[in-house]
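# Examination of the molecular architecture
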Amino acid sequence: MASPGSSLTSNSIAVIINHMAGNMTSRWTNFLTEDGEKPGRNRDQEFTDPSLGKEDLLALWEKGWTCLLDTLRSLREEDLMKTITIRHEPLMVVDAINRQLAHYPHHVGQIVYIGKMIRGEAWQSLSISRGASEAFNQFMQDKHIRR
């Protein structure tokens, strides 16, 4: 945690989910026709404890990702060179996509890190577990040789 008077704070998983959902909903709703920072969005409020239960947080998470993925699926090749705005800043669609797709992994990494701190030894790796690289490489080699 931050020392008193410090501006350095740590967000909870709930706050990060709340922020990501707010960002995704704002950015990806009417992506090609409206500014990505919607007038009704209160970004600062996203960083306060939402006091939501697990089910509500998961619903927010799903809503944000669904908005993003549905919008990406709807885009056509010719849309990628169009210009949109985020906070009145003009961006090519492809640049706006890249900007957002660089933002979300940062927050997902925060969630994973907090989860690892909370779960400790009970954490199940999302990747190759420590000390298991050689066995995994052998498994992959065997798998592809059998083809």
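Each chain carries its own residue numbering, running from 1 in the direction its sequence is written. Reporting of local features is limited, given that this is a predicted model, to residues whose pLDDT is at least 70; pairs of side-chain atoms are given and counted only at 80 or more, and all residues count toward the totals for whole chains, interfaces and linings. Computation of side-chain values: all heavy atoms of the structure, hydrogens and water removed.

## Focus: the overall build of the protein chain
- Each helix corresponds to a stretch of at least 4 residues labelled H or I by DSSP, and each strand to a stretch of at least 2 residues labelled E; elements are numbered beginning at the N terminus. Broken down by element type, the protein chain carries five helices and two strands.
- Secondary structure elements of the protein chain, listed N to C terminal, follow the sequence α-α-α-β-β-α-α.
- A globule of 147 residues ought to have a C-alpha radius of gyration of about 15 Å, yet the protein chain, at 19 Å, is considerably larger.
- Taken along its principal axes, the extent of the C-alpha atoms in the protein chain is 50 × 50 × 30 Å.
- Taken across its 147 residues, the protein chain has 28% of its residues classed as buried.
- Any two residues whose heavy atoms approach within 4.5 Å at even a single point are treated as in contact. Of the contacts made within the protein chain by residues no fewer than 6 positions apart, 64% connect residues no fewer than 24 positions apart. As defined in this context, the radius of gyration uses C-alpha atoms, and a globule is described by 2.2 Å times the residue total to the power 0.38. When accessible area is computed with a 1.4 Å probe and restricted to protein chains, residues below 20% of their type maximum are described as buried, those above 50% as exposed, and intermediate ones as partly exposed.

## A word on the pairing of strand β1 (residues 83–86)
- Burial along β1 is one-sided: the residues Ile84 and Ile86 are buried and none of Thr83 and Thr85 is.
- Note: two strands are recorded as paired if DSSP finds a minimum of 2 bridges between them. The pairing of β1 with strand β2 (residues 89–92) spans four bridges and is antiparallel. Of the residues in β2, the one forming a bridge with Ile86 is Glu89.
- From the end of β1 to the start of β2, which pair antiparallel, there are two residues, and Arg87 there has a positive phi angle of about 55°.

## Observations regarding the environment of Met92
- Its location among the elements puts Met92 in strand β2.
- Residue Met92 is classed as partly exposed on the basis of its relative accessible area of 28%.
- Separated by 20 residues in sequence, Met92 and Val112 have C-alpha atoms that sit 31 Å apart.
- With sequence-adjacent residues up to four places away left out, Met92 is seen in contact with Leu80, Met81, Lys82 and Thr83.

## Topic: the packing of aromatic side chains
- Note on aromatic pairs: the rings of Phe, Tyr and Trp (six-membered ring only in Trp) are paired at centre separations within 6.5 Å, and the planes decide the class, stacked below 30 degrees, edge-to-face beyond 60, tilted for the rest. Under the defined criterion, the tally for this structure stands at four aromatic pairs.
- On the basis of an interplanar angle of 25° and a centroid distance of 4.7 Å, the ring pair of Trp28 and Phe31 is categorised as stacked. One exposure class covers both Trp28 and Phe31, and it is buried.
- Between Phe136 and Phe139 the ring centres are 6.4 Å apart and the planes differ by 40°, which places this aromatic pair in the tilted class. Of the two residues, Phe136 and Phe139 are both situated in helix α5 (residues 133–145); the distance of three residues between them amounts to about one turn of the helix.
- Classification of Phe136 by relative accessible area gives partly exposed; the value is 34%.
- Linked through ring pairs, Trp61, Trp65 and Tyr104 together constitute an aromatic cluster.

## Some details on the packing of helix α1 (residues 13–28) against helix α4 (residues 93–119)
- Axis lines are fitted to C-alpha atoms, over the contacting stretch for helices. Their N-to-C directions set the angle, which ranges from 0 to 180 degrees. Close contact between α1 and α4 brings their axes to 10 Å; oriented N to C, the two are set at 165°. Judged by the angle between their axes, α1 and α4 are roughly antiparallel. The chirality of how α1 crosses α4 is left-handed. Contacts from Ile13, Ile16, Ile17, His19, Met20, Asn23, Met24, Arg27 and Trp28 in α1 reach Ile97, Gln100, His103, Tyr104, His107, Val108, Gln110, Ile111, Ile114, Gly115 and Ile118 in α4. Roughly parallel covers angles under 35 degrees, roughly antiparallel covers those over 145, roughly perpendicular covers 65 to 115, and oblique covers all other angles. Take the far helix as your reference; a near helix turned counterclockwise from it by less than a right angle gives a left-handed crossing, and one turned clockwise gives a right-handed crossing.

This is a description of form; function is not addressed.
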